[in-house]
Amino acid sequence: MDLQIAGKTALVTGASRGIGFAIAEGLVAEGARVVIAARTQAALDSAAERLGEGGGEVFAVAADVSSAKGVLKLVATAREHVGVIDILVANAGGPPAGASSAVDDASWARASELTLMSAVRLSRAVLAEMRERGWGRIVNVTSLAVKQPVAELTLSNVMRSAVTAFARTLANEVADSGVTVNNVAPGYTATGRIEQLFSDDYARARLVASIPAKRFGEPREIAAAALYLCSQQAAYVTGQTLVVDGGMVASTY
Ligand code: NAD
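Residues numbered from 1 in each chain as written. Predicted model: local features only at pLDDT ≥ 70, side-chain atom pairs only at ≥ 80, totals over all residues. Heavy atoms only, no water.

K.L.:
Outline the overall build of the protein chain, listing residues and values.
P.N.:
Secondary structure assignment for the protein chain yields eight helices and seven strands. By its C-alpha atoms, the protein chain is 45 × 40 × 35 Å across when sized along the principal axes. When the 253 residues of the protein chain are sorted by exposure, 49% land in the buried category. Taking as baseline every contact in the protein chain between residues at least 6 positions apart, the subset at least 24 positions apart corresponds to 74%. Split by element, the accessible area of the protein chain, about 11,600 Å² in all, is 53% carbon and sulfur. Looking at the protein chain, you have 23 positive and 24 negative side-chain charges, and the mean spots of the two groups are 3 Å apart. (Helix = DSSP H or I, 4+ residues; strand = E, 2+ residues; numbered from the N terminus. Buried < 20%, exposed > 50% of the residue type's maximum accessible area, 1.4 Å probe, protein only. Contact = heavy atoms within 4.5 Å. Areas by Shrake-Rupley, 256 points an atom, 1.4 Å probe, with all protein chains shown as cover. Lys, Arg positive; Asp, Glu negative; His and termini not counted. Charge placed at Lys NZ, Arg CZ, Asp CG, Glu CD.)

What follows is the structure, encoded as structure tokens:
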């Protein structure tokens, strides 16, 4: 299906690898002009090279989205490369694991900057121009944790739920302007994040056994959902969370 976003501009953060990279790859394949961001220039350059192999327009901008300054500089540089941003995919690494009783104030503050405030600031930086032009797509990458808290992932459970509430609030505010705001919520997906959280084979095998689909998701499967939310066809979908988890969240709603 043609998503009708050829020629649109996109900014994808956390895109040097994993889910962000797969989303950028899908956007490039649809003919969008894409700015990818992550903290490390070398990793980004290598990602941009792979993404551009088919002749697509890809620009790599090193930025840390967990700071206000980092976001402002990133969006300004992205505009220099591609002009006004039509599509924003707000993504980054996840906060560290820890049970509720073990998380100190500094960790709460860092997780808020990384997960919640990055989404808030990125949206704010691109929103006015999207509204002026009467077209925009904002997609936050969250987690199945917004439907079903994951043991030991206190910071992720809480901050991603906050992002979800923010997205719903913003979606309502801008619903009459051609701008949609949605979330894609991955289940367990085969990326570096899984390696980071489940380092031994036994723990990973137990995790796979607990997934109804009996396998990890592939980054491109999460990307497919995000791409739909970026599409012209999804113009009437806003404020939603699309969970892509191989059946892991088993509730009716
Ligand atoms: P990943 O660790 O493989 O990739 C994260 C990307 O974000 C990398 O490009 C990294 O360089 C970049 N990044 C990290 N911190 C950043 C910062 N401060 N500023 C800019 N870029 C930054 O992660 P992933 O598996 O692709 O997951 C993407 C998101 O989805 C994460 O937030 C993760 O927690 C969440 N998620 C992942 C899974 C999973 O199973 N993989 C499940 C649920 C939710």
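There's plenty left to go through after this.
K.L.:
How would you explain the sheet that holds strand β5 (residues 136-141) if you had to name every residue and give the values?
P.N.:
Spatially, β3-β2-β1-β4-β5-β6-β7 is the arrangement adopted by the seven strands of the open sheet, whose pairing is parallel. Strands with a single pairing partner mark the edges of an open sheet, and in this sheet they are β3 (58-62) and β7 (241-244). For this sheet the average axis-to-axis angle between neighbouring strands, irrespective of direction, equals 15°. Bridge count between strand β2 (residues 33-38) and β3: five bridges; the pairing is parallel. Paired with valine 35 across the strands is phenylalanine 59, a residue of β3. (Pairing = 2+ DSSP bridges. Axes fitted to C-alpha atoms, helices over the stretch in contact; angles between N-to-C directions.)

K.L.:
If you had to explain a nonpolar patch on the surface to someone new, which residues and values would you point to?
P.N.:
A cluster of nonpolar side chains, contributed by Met1, Tyr228 and Leu242, occupies part of the molecular surface with about 310 Å² of accessible area. With respect to the helices, strands and loops of the structure, methionine 1 is situated in the segment before β1 (9-13). (Patch = residues over 30% accessible without salt bridge, like charges linked within 9 Å, V, L, I, M, F, W, Y side chains within 5 Å. Salt bridge = Lys/Arg side-chain N within 4 Å of Asp/Glu carboxyl O.)

K.L.:
So what's going on with unusual backbone geometry? Which residues, and what values?
P.N.:
Even without being a glycine, glutamate 152 presents a positive backbone phi close to 75°. A positive phi is found at lysine 214, a non-glycine position, where the angle reads about 60°. For lysine 214, the position within the fold is in the loop between α7 (201-210) and α8 (219-230).

K.L.:
Could you give an account of the nonpolar core, naming the residues involved and the relevant values?
P.N.:
Within the largest apolar cluster, 34 residues are counted, with the highest numbers of intra-cluster contacts made by Ile23, Leu27, Val34, Ile36, Ile87, Val89 and Val184. Listing elements by their share of this core, those giving two or more residues are β1, α1 (18-29), β2, α2 (41-51), β4 (87-90), β5 and α8. Once residues lying within four places of it in the same chain are set aside, the contact partners of isoleucine 23 are Val89, Val141, Ala223, Ala226 and Leu227. In terms of nonpolar packing, the next biggest core, distinct from the first, is built from 26 residues, Val35, Val61, Val126 and Val181 among them. (Core = buried A, V, L, I, M, F, W, Y, C linked by side-chain atoms within 4.5 Å.)

K.L.:
Got a sec to walk through the packing of aromatic side chains? Specific residues and values, please.
P.N.:
Throughout the structure, instances matching the rule amount to one aromatic pair. Judged by centre distance (6.1 Å) and plane angle (80°), the ring pair of tyrosine 188 and phenylalanine 198 falls under edge-to-face. Linking tyrosine 188 in the loop between β6 (179-186) and α6 (192-197) with phenylalanine 198 in the loop between α6 and α7, this pair joins segments that are ten residues apart in sequence. What makes tyrosine 188 buried here is its relative accessible area of 16%. The ring centre of tryptophan 135 lies 4.0 Å from the NZ or CZ of lysine 8, which sits over that ring. Taking the ring centre of tryptophan 135 as reference, the NZ or CZ of arginine 137 above it sits at 4.2 Å. (Phe/Tyr/Trp six-rings, centres within 6.5 Å; stacked < 30°, edge-to-face > 60°. Lys NZ or Arg CZ within 6 Å of the ring centre and 35° of its normal.)

K.L.:
Help me get a handle on the packing of helix α4 (residues 105-133) against helix α5 (residues 154-174), residues and values and all.
P.N.:
The N-to-C vectors of α4 and α5 enclose an angle of 20°; their axes lie 9 Å apart at closest approach. Classified by the angle their axes make, α4 and α5 are roughly parallel. Here the hand of the crossing between α4 and α5 comes out right-handed. Counted together, Ser107, Trp108, Ala111, Ser112, Thr115, Leu116, Ala119, Val120, Ser123, Leu127 and Arg131 of α4 and Thr154, Leu155, Val158, Met159, Arg160, Ala162, Val163, Phe166, Leu170, Glu173 and Val174 of α5 form the full contact between these two elements. Within the contact of α4 with α5, the residues separate by chemical class into 14 nonpolar, five polar and three charged. (Parallel < 35°, antiparallel > 145°, perpendicular 65-115°, else oblique. Left-handed = near helix turned anticlockwise from the far one by under 90°. Nonpolar A, V, L, I, M, F, W, Y, C, P; charged D, E, K, R; others polar.)

K.L.:
Break down the environment of serine 112 for me, citing the residues and quoting the values.
P.N.:
Locating serine 112 in the fold gives a position in helix α4. Linking serine 112 and serine 156, residues 44 residues apart in sequence, is a C-alpha distance of 9.5 Å.

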